[in-house]
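Read off the chains here:
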Amino acid sequence: MSLLPAVPVSGPGDARFQPIWTEDVADSVLNALDRDPSRPHERLEIVGPEVVTYNGMVREVLRAHRRRRRLLHVPRPIVRASLDALGAVAGNSAFATWEEAKLMDVPMITPRGPADVESLGVTPSPMRVVLASR
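Structure report, in brief. No experiment lies behind these values; they were computed from the predicted model shown.

**Quick word on the environment of Trp 21**
- Considering the arrangement of structural elements, one finds Trp 21 in the loop between β2 (16–17) and α1 (22–33).
- Overall, Trp 21 belongs to the partly exposed group, its relative accessible area being 22%.
- Along the backbone, Trp 21 and Glu 50 are 29 residues apart, and their C-alpha atoms lie at a distance of 12 Å.
- The residues touching Trp 21, leaving out its near neighbours within four places in the chain, are Ser 125, Val 130 and Arg 134.

Structure (structure tokens):
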């Protein structure tokens with residue numbers, strides 16, 4: 001989508017996230033499996049080191065690909081109608097569903113930040129660092 005003159009964003013793009021690199025997740029899970037078995041029901045929140053909005057994530061990806069594009073905030077009813085129509089035409093091969101798009105409005109952060117990941121011996125990488133290395 002970064003080849004378009006503007007990047008469509010569902011809604012205002014202001015939901016906050018703490019993105020984490022998949023390798024940091026994998027390392028965290030492996031290290032959690034090696035933890036003390038006397039804590040079997042401990043809940044761990046696996047998040048990255050920074051809080052960023054959906055708009056911020058899109059801008060970071062654009063920056064990493066050296067693309068300058070405006071963000072085009074598409075009203076949710078239009079996104080829903082478009083994705084429903086796409087689903088009717090493309091079926092299971094559609095790139096996204098309305099149910100998936102709704103998740104971009106749900107904040108996914110924890111007040112503990114990356115403390116649980118760090119307690120597993122993993123120092124999570126910021127999004128810009130991961131993107132720069134790809």
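**A look at helix α3 (residues 76–90)**
- The end-to-end C-alpha distance of α3, which contains 15 residues, comes to 20 Å, matching closely the 21 Å that a straight helix rising 1.5 Å per residue would cover.
- With its phi angle positive at about 60°, Gly 91 sits one or two positions after the end of α3.

**Things to note about the nonpolar core**
- The biggest cluster of nonpolar side chains holds 6 residues, and these are Val 74, Val 79, Leu 83, Ala 96, Trp 98 and Ala 101.
- Those elements that place two or more of their residues in this core are α3 and α4 (98–102).
- Dropping the residues within four chain positions of it, Ala 101 is found in contact with Val 79 and Leu 83.

**What about unusual backbone geometry?**
- Residue Arg 66 is not a glycine yet carries a positive backbone phi of 55°.
- Here Arg 66 shows up in the loop between α2 (54–64) and β4 (70–74).
- The class for Arg 66 is exposed, based on a relative accessible area of 78%.

**Digging into the environment of Asn 92**
- Here Asn 92 shows up in the loop between α3 and α4.
- Along the chain, Asn 92 and Asp 36 lie 56 residues apart, while their C-alpha atoms are 42 Å from each other.

**As for the packing of aromatic side chains**
- This model, assessed by the stated rule, comprises 1 aromatic pair.
- Ring geometry for Phe 17 against Tyr 54: centres 6.4 Å apart, planes inclined by 65°, an arrangement best described as edge-to-face. Residue Phe 17 is located in strand β2, and its partner Tyr 54 is located in helix α2; the two are separated by 37 residues in the primary sequence.
- The exposure class assigned to Phe 17 is buried, which follows from its relative accessible area of 6%.

What counts and what doesn't
- Residues numbered from 1 in each chain as written.
- Predicted model: local features only at pLDDT ≥ 70, side-chain atom pairs only at ≥ 80, totals over all residues.
- Heavy atoms only, no water.
- Helix = DSSP H or I, 4+ residues; strand = E, 2+ residues; numbered from the N terminus.
- Buried < 20%, exposed > 50% of the residue type's maximum accessible area, 1.4 Å probe, protein only.
- Contact = heavy atoms within 4.5 Å.
- Expected span 1.5 Å × (residues − 1).
- Core = buried A, V, L, I, M, F, W, Y, C linked by side-chain atoms within 4.5 Å.
- Phe/Tyr/Trp six-rings, centres within 6.5 Å; stacked < 30°, edge-to-face > 60°.

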